[in-house]
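Observations on the model geometry
Spelled out, the chains give:
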Amino acid sequence: MKALLIARRELAGYLRTLSGYVILAILLAVNGLFFNAYALGGASKRSAEVLSGFFYYSSGFTIVAAILVSMRLLAEERQTGTLPLLYASPVRDRDIVLGKFLAGLAFLALYLLLTLYMPLLVLVNGKVSFGHVAAGYLGLLLLGSASLAVGTFGSSLAKNQLLAAIFSAVMLVALILCWLLARITEQPLSDVFSAMSLWNQHFPPFQAGLIHVRDVVYYLVVTYVALFAATRVLEARRWR
Amino acid sequence: MIQVEGLTKFYGEHAAIRDLAFTIGQGEVIGFLGLNGAGKSTTLKILGCVLLPTSGRVVIDGHDVVSQSHEVRQRIGYLPDVPPVYEEMTVGEYLAYVARLRDVPAKATASHVGEAEEKTGLRDVHGEVISTLSHGYRQRVGLAQALVHKPSLLILDEPTSGLDPLQIVEMRDVIRGLKGAHTVLVSSHILPEISQTCDRLLIIHKGTLLAQGSEEELSRSLGGPSIMLEVRGDRARALEVLQGFGAVEVLEGTGGVLEMKVAAAPDLRPQVARAVVGAGLELLRLDANEGQLEALFLRLTHGQEVRA
């Protein structure tokens with residue numbers, strides 16, 4: 001599997017350069033601060049509320065992490081001139097995109113794994129349902145996967161990493177803001193926008209510990225469509 | 001090995017190459033020569049499956065680069081103008097990665113990497129991180145990645161660019177060492193760098209093929225060899241004597257010294273010398289002009305400029 005080969009090299013690249021650790025450290029620090037200040041702080045709450053708050057803030061950080069992780073995926077290859085290496089090798093474009101995406105997903109999973117200490121802290125003084133934690137993390141991983149795929153698409157469009165991050169952020173914010181459009185448009189358009197909304201419509205159930213098939217399917221579809229688009233961009237680049 | 005027909009590539013309105021056609025046989029070492037912007041890189045990119053042509057056909061080893069790109073890519077090694085290296089990897093890791101990417105079985109990877117390092121003189125830096133290497137070594141790593149999977153065709157885009165004179169000589173030796181095992185297509189805008197390494201030259205200018213052939217063939221087709229003379233004495237007398245051997249061209253005539261070029265075989269030098277001296281002229285210099293390729297290249301590209 002060439003995709004796994006590419007993914008392994010990419011992941012090793014993250015772990016060998018400083019930027020990977022810097023991204024991890026900053027995100028973990030800020031995520032921890034938010035957890036301490038908002039999820040734990042304020043009036044006394046039940047454990048489930050704290051956990052819900054944790055997933056609420058973490059979902060935001062997951063999206064930011066996805067943008068930061070994905071920006072280098074394809075844009076860096078273009079920037080440093082290594083794309084011809086992949087183009088001239090017997091590797092299918094979809095394997096290039098998939099490999100890059102999988103490396104990003106593994107890194108994102110590492111980030112999520114490192115946030116696990118926060119729900120465990122809740123366990124110390126409260127009662128945590130493991131089902132709730134599992135559902136929340138599944139939601140974070142699915143949301144992360146969709147954001148990362150959009151980021152991969154953004155990275156395929158851009159000449160450099162900064163532009164890639166900007167493209168991805170714009171697309172993700174547009175997807176998130178679909179719920180605002182849903183509120184001011186009429187049927188059936190409002191239903192479409194509502195269903196397309198990246199966060200509002202699909203993440204809160206996970207946050208509350210509920211797994212709906214339609215939410216899982218939604219994130220998987222976004223992931224697939226974005227990766228498909230990235231593959232197409234990569235193919236079209238050969239015409240440039 | 002390679003058949004190119006009517007190859008054309010447009011970047012927007014601008015044609016980078018137009019209607020190129022040539023064939024290259026198995027095992028040949030071909031020099032692809034042209035000034036900067038002549039269309040060399042574009043052509044090599046198309047052969048390397050990195051760029052798609054606007055029209056025309058390229059067949060490598062019986063496979064079309066557009067419709068059977070995957071098969072072509074299994075048979076080629078391509079070094080772009082910038083070596084495509086991952087800075088954070090070591091030379092050994094990088095070459096092993098490229099080998100696996102190009103379908104070298106896991107068991108054979110180490111031996112392939114070792115061989116590529118041997119051929120390109122990278123053995124000593126096997127464990128070094130690429131970002132710490134000098135430009136010359138990076139260029140060699142770029143060459144090593146192109147041949148690590150033992151492709152039948154090697155496409156090298158300006159492998160000597162940015163190297164110092166010693167490194168150029170070394171790189172030339174490496175490329176010469178590849179002869180036989182691979183068909184090699186190497187581009188350059190500096191003629192002496194490739195005229196010594198290559199069996200045949202393709203001269204490209206403004207996206208079209210100007211001439212092709214070996215160094216000898218090219219110089220013959222352009223007027224052939226000649227004799228260069230420097231003579232002191234009467235101009236009319238000198239012309240009279242030398243015209244018996246072939247067409248005479250007076251290149252310079254200052255202070256009574258005439259520099260002349262006679263279109264005659266260099267074998268006739270003794271006879272020319274005797275005739276000049278016999279006519280009472282002073283012979284200052286006499287040598288064979290085998291058709292210096294550099295001059296030829298400039299003349300070809302310059303002539304085109306004038307016509308255009």
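The structure under discussion appears in the preceding block.
All of the points below concern the structure found in this document.

What counts, and at which threshold
- Residues numbered from 1 in each chain as written.
- Chains lettered and ligands numbered in written order.
- Predicted model: local features only at pLDDT ≥ 70, side-chain atom pairs only at ≥ 80, totals over all residues.
- Heavy atoms only, no water.
- Salt bridge = Lys/Arg side-chain N within 4 Å of Asp/Glu carboxyl O.
- Helix = DSSP H or I, 4+ residues; strand = E, 2+ residues; numbered from the N terminus.
- Buried < 20%, exposed > 50% of the residue type's maximum accessible area, 1.4 Å probe, protein only.
- Polar contact = N/O pair within 3.5 Å; in protein donor to acceptor, adjacent residues only side chain to side chain.
- Contact = heavy atoms within 4.5 Å.
- Buried area = accessible area lost by both parts, 1.4 Å probe.
- Pairing = 2+ DSSP bridges.
- Axes fitted to C-alpha atoms, helices over the stretch in contact; angles between N-to-C directions.
- Patch = residues over 30% accessible without salt bridge, like charges linked within 9 Å, V, L, I, M, F, W, Y side chains within 5 Å.
- Areas by Shrake-Rupley, 256 points an atom, 1.4 Å probe, with all protein chains shown as cover.

Another aspect to go through is the pattern of salt bridges. Considering all chains together, one arrives at 26 salt bridges over all chains under this definition. In this structure, Arg237 of chain B and Glu240 of chain B form a salt bridge, with 3.4 Å as the shortest nitrogen-oxygen distance. With Arg237 of chain B and Glu240 of chain B both in helix H9 (residues 235–242) and three residues apart, the pair spans about one turn of that helix. Given a relative accessible area of 34%, Arg237 of chain B falls into the partly exposed group. A single salt-bridge network, built from bridges that share partners, covers Arg9, Glu10, Arg72, Glu76, Glu77 and Lys100 of chain A together with Glu88 of chain B.

All names here are of chain B. Looking at where Thr43 falls in the secondary structure, it is placed in helix H1 (residues 40–47). At 2.7 Å, the side chain of Thr43 and the backbone oxygen of Gly39 are in polar contact. Not counting residues within four places of it along the chain, the set of residues in contact with Thr43 comprises Leu7, Ile17, Leu20, Phe22, Phe32 and Ile204.

If you look at the interface, chain B gives 30 residues, while chain A gives 22 residues. Taken over both partners, the interface formed by chain B and chain A buries close to 2,500 Å², and the fraction arising from carbon and sulfur atoms is 60%. Scanning the region where chain B abuts chain A turns up three salt bridges. Salt-bridge contacts for Arg9 of chain A lead to Glu88 of chain B; the nearest nitrogen and oxygen are separated by 3.0 Å. Linking chain B with chain A are 13 residue pairs in polar contact (both at pLDDT 80 or more). The set of elements that each furnish at least two residues to the side of chain B that touches chain A consists of strand E1 (2–11), helix H2 (69–75), strand E6 (76–79) and helix H3 (91–101) of chain B.

Turning to the sheet that holds strand E12 (residues 248–254) of chain B, a few remarks are in order. Residue and element names in this part refer to chain B. Here we have four strands laid out as an open sheet, ordered E12-E13-E11-E14, and antiparallel in their pairing. A single partner strand is all that each edge strand has here, and the edge strands are E12 and strand E14 (282–289). Between one strand axis and the next, the sheet turns by 15° as a mean value, whatever way the strands run. For strand E11 (residues 226–232) and E14, the ladder comprises seven bridges, and the chain directions are antiparallel. Across the sheet, the residue bridging to Val231 is Leu283, located in E14. Across the sheet, H9 touches E11, E12 and strand E13 (257–262), and the angle it forms with E13 is around 20°.

A few words now on the sheet that holds strand E2 (residues 14–24) of chain B. All names here are of chain B. The strand order E2-E1-E4-E5 describes an open sheet built from four strands, whose pairing is antiparallel. Looking along the sheet, the strands with just one partner apiece sit at the ends: E2 and strand E5 (63–64). The pairing of E1 with E2 spans seven bridges and is classified as antiparallel. Looking at E2, one finds that Phe10 is bridged to Ala15. Along the sheet face, H1 touches E1, E2 and strand E4 (55–60) and points at about 120° away from the line of E1.

A word on a nonpolar patch on the surface. All names here are of chain A. Taken together, the side chains of Leu157, Leu162, Leu163, Ile166, Phe167 and Val170 make up a nonpolar region of the molecular surface, amounting to roughly 510 Å² of accessible area. The element that contributes the greatest number of residues to the nonpolar patch is helix H9 (residues 161–176), accounting for five residues. Considering the arrangement of structural elements, one finds Phe167 in helix H9.

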